[in-house]
Amino acid sequence: MEFESNDSNWDGVYYYPQLFGGVMLTAAVLGLSTSYFGGTVGLPTLPYMLPYLKNLQKKKREKRKIRVYMDGCFDLMHYGHANALRQAKALGDELVVGLVSDEEIVANKGPPVLSMEERLALVSGLKWVDEVIADAPYAITEEFMSRLFNEHKIDYIIHGDDPCLLPDGSDAYALAKKVGRYKQIKRTEGVSSTDIVGRILASMEDKKGPGPNARVVYIDGAFDLFHAGHVEILKRARQLGDFLLVGIHTDEIVSEQRGPHFPLMHLHERSLSVLACRYVDEVIIGAPWEITKDMSQPDPYSVPKNMGMFRMIESPKDITTTSVAQRIKANHEIYEKRNAKKEASEKKFYEERKYISGD
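An account of the accompanying structure is given in this report. No experiment lies behind these values; they were computed from the predicted model shown. (Residues numbered from 1 in each chain as written. Predicted model: local features only at pLDDT ≥ 70, side-chain atom pairs only at ≥ 80, totals over all residues. Heavy atoms only, no water.)

## A closer look at unusual backbone geometry
Across residues other than glycine, the phi torsion is negative in most instances, and most of the peptide bonds are trans. For clarity, the threshold we go by: A run of H or I in DSSP counts as a helix once it spans at least four residues, and a run of E counts as a strand once it spans at least two, with each numbered from the N terminus.
Look at the link from Phe262 to Pro263: it is a cis peptide, with omega at 0 degrees. With respect to the element layout, Pro263 can be found in the loop between helix H11 (251-258) and helix H12 (267-275). A positive phi angle, close to 50 degrees, is found at Phe223, a residue other than glycine. Position of Phe223 relative to the elements: it lies in the loop between strand E6 (216-221) and helix H10 (228-238).

## Focus on the environment of Glu336
Heads up, the condition is: Exposure categories follow from relative accessible area, calculated using a 1.4 Å probe and restricted to protein chains: below 20% of the type maximum is buried, above 50% is exposed, and the middle band is partly exposed.
Summarising the element assignment, Glu336 is placed in helix H16 (residues 332-352). Glu336 gets classed as partly exposed once you look at its relative accessible area, which sits at 42%. Here the alpha-carbon distance between Glu336 and Thr194, two residues 142 residues apart in the chain, equals 9.4 Å.

## Let's talk about the pairing of strand E2 (residues 94-100)
Put simply, the rule reads: A crossover counts as right-handed when, viewed with the strands pointing away from the observer, the path leading from the first strand over the helix to the second turns clockwise. Pairs of strands are assigned from DSSP output, requiring at least two bridges between the strands.
Counting buried positions over the 7 residues of E2 gives 6, a clear majority of the element. In this fold, strand E1 (residues 67-72) hands off to helix H4 (residues 79-90), which returns the chain to E2; that crossover is right-handed. With 5 bridges joining them, E2 and strand E3 (residues 131-136) adopt parallel strand pairing. Within the sheet, the bridge partner assigned to Val96 lies in E3 and is Glu131.

## As for the pattern of salt bridges
For clarity, the threshold we go by: A pair is scored as a salt bridge if a Lys or Arg side-chain nitrogen falls within 4 Å of a carboxyl oxygen belonging to Asp or Glu.
According to the stated counting rule, one finds 11 salt bridges in the structure shown. A salt bridge links Glu94 to Arg67; its shortest N-O distance comes to 2.7 Å. Of this pair, Glu94 sits in strand E2 while Arg67 sits in strand E1; the two residues are 27 residues apart in sequence, bridging distant segments of the chain. With a shortest N-O distance of 3.2 Å, Asp130 and Lys89 are connected by a salt bridge. Taken together, the residues span a long stretch of sequence, with Asp130 in the loop between helix H6 (116-124) and E3 and Lys89 in helix H4 at a distance of 41 residues. A relative accessible area of 41% places Asp130 in the partly exposed class. When salt bridges that share partners are traced, they join Arg67, Glu94 and Glu131 into one network.

## Section: the sheet that holds strand E7 (residues 243-249)
Basically, it comes down to this: Every axis in this analysis is a line fitted to C-alpha atoms, fitted for helices over the stretch in contact. Angles between the N-to-C directions lie between 0 and 180 degrees.
Taken in spatial order, the 3 strands line up as E6-E7-E8 in an open sheet, and their pairing is parallel. Edge positions in the sheet fall to E6 and strand E8 (282-287), since each has one partner strand and no second. Neighbouring strand axes in the sheet, compared pairwise and without regard to direction, differ in orientation by 20 degrees on average. Both E6 and E7 contribute to a ladder of 6 bridges, which runs parallel. Paired with Val217 across the strands is Leu244, a residue of E7.

## Looking at the sheet that holds E2
The criterion, for reference: We call two residues contacting when some pair of their heavy atoms lies within 4.5 Å.
Judged by pairing direction, the sheet is parallel, and its 5 strands sit side by side in the order E3-E2-E1-E4-E5 without closing on themselves. Strand pairing shows two members of the sheet lacking a second neighbour, E3 and strand E5 (182-185), which therefore form its edges. Each adjacent strand pair in this sheet contributes to an overall mean axis angle of 30 degrees, direction not counted. Pairing geometry for E1 and strand E4 (residues 156-160), over 3 bridges, is parallel. Across the sheet, the residue bridging to Val68 is Tyr156, located in E4. Along the sheet, H6 contacts E2 and E3; its crossing angle with E2, the most-contacted strand, is approximately 165 degrees. Against the sheet, helix H7 (residues 142-150) makes contact with E1, E3 and E4, and its axis sits at roughly 120 degrees relative to E4, the strand it touches most.

It is worth stressing that arrangement in space is one thing and function is another; only the former is reported here.
So this is what it looks like as structure tokens:
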């Protein structure tokens, strides 16, 4: 934020001390000269010079802000996207984000998971974003680059150090690099939309929960040093219904009930042993010792409801984590092919990447 003073013209003295000193010296010399020559020559006095100093100060305050541009699909928003935009904002004063259109994504990468409206809401909600250009092209063309520089007053185009190739294999940011208006940021490794899609596709093989009319059976215990007796009791419990839910007590509870030397196996080891049993459908890791009403009729908001402090906020959108996953599952073959291609490209990039110093 630029500082602006409402004081008198003397403010210029503090911003331009060398200039002011020079003016004073000149004025003193001229004053001596005109006095020496009888004051016959008319020269401007110091007060008339101060507005000039004020104008110099004003020009310094009005220095134009640096505007940077970063584009992307921003499909399945994750912390890697947020970190990229944070880094981009640090390279300028104002960050303008280009959101690639649905049509461009389909042509270059395959169908997006989220619609333009949904992606726009996500990007606009980030604290580092000042403006958003919707329906931006996937490739930076000369025409679009001219619009960025002239209409949107962009100074630099930003992208991560990961490859962004067009279908023909060319660099999507070649033009920006050619004209010297390109800056690069560090990619956040370990997360990507491709990876998230892969996780969702893998979840298609996970166990399903009980059906709407299923008879659920619950049994709990320590299940320490998992043995044949445990298997038989779980088998009989499963025969009582359609879905077997097993509660596994915490290490603290087991120790309180059986002594300080127990359990022999910690909670996660015991949980894995139970999950491996064919008769078990699901487990509650760290189940309580006492079965309360909340376990059969869970209401985590009962206290604020009783105090009259509870308010339910309805979402204006019908999108949920489950519905997003269903979109991916419905087109799983397309996304599997896209993921395989993307993963191969990223693997090649990281194998061939060379580290160089630079700004």
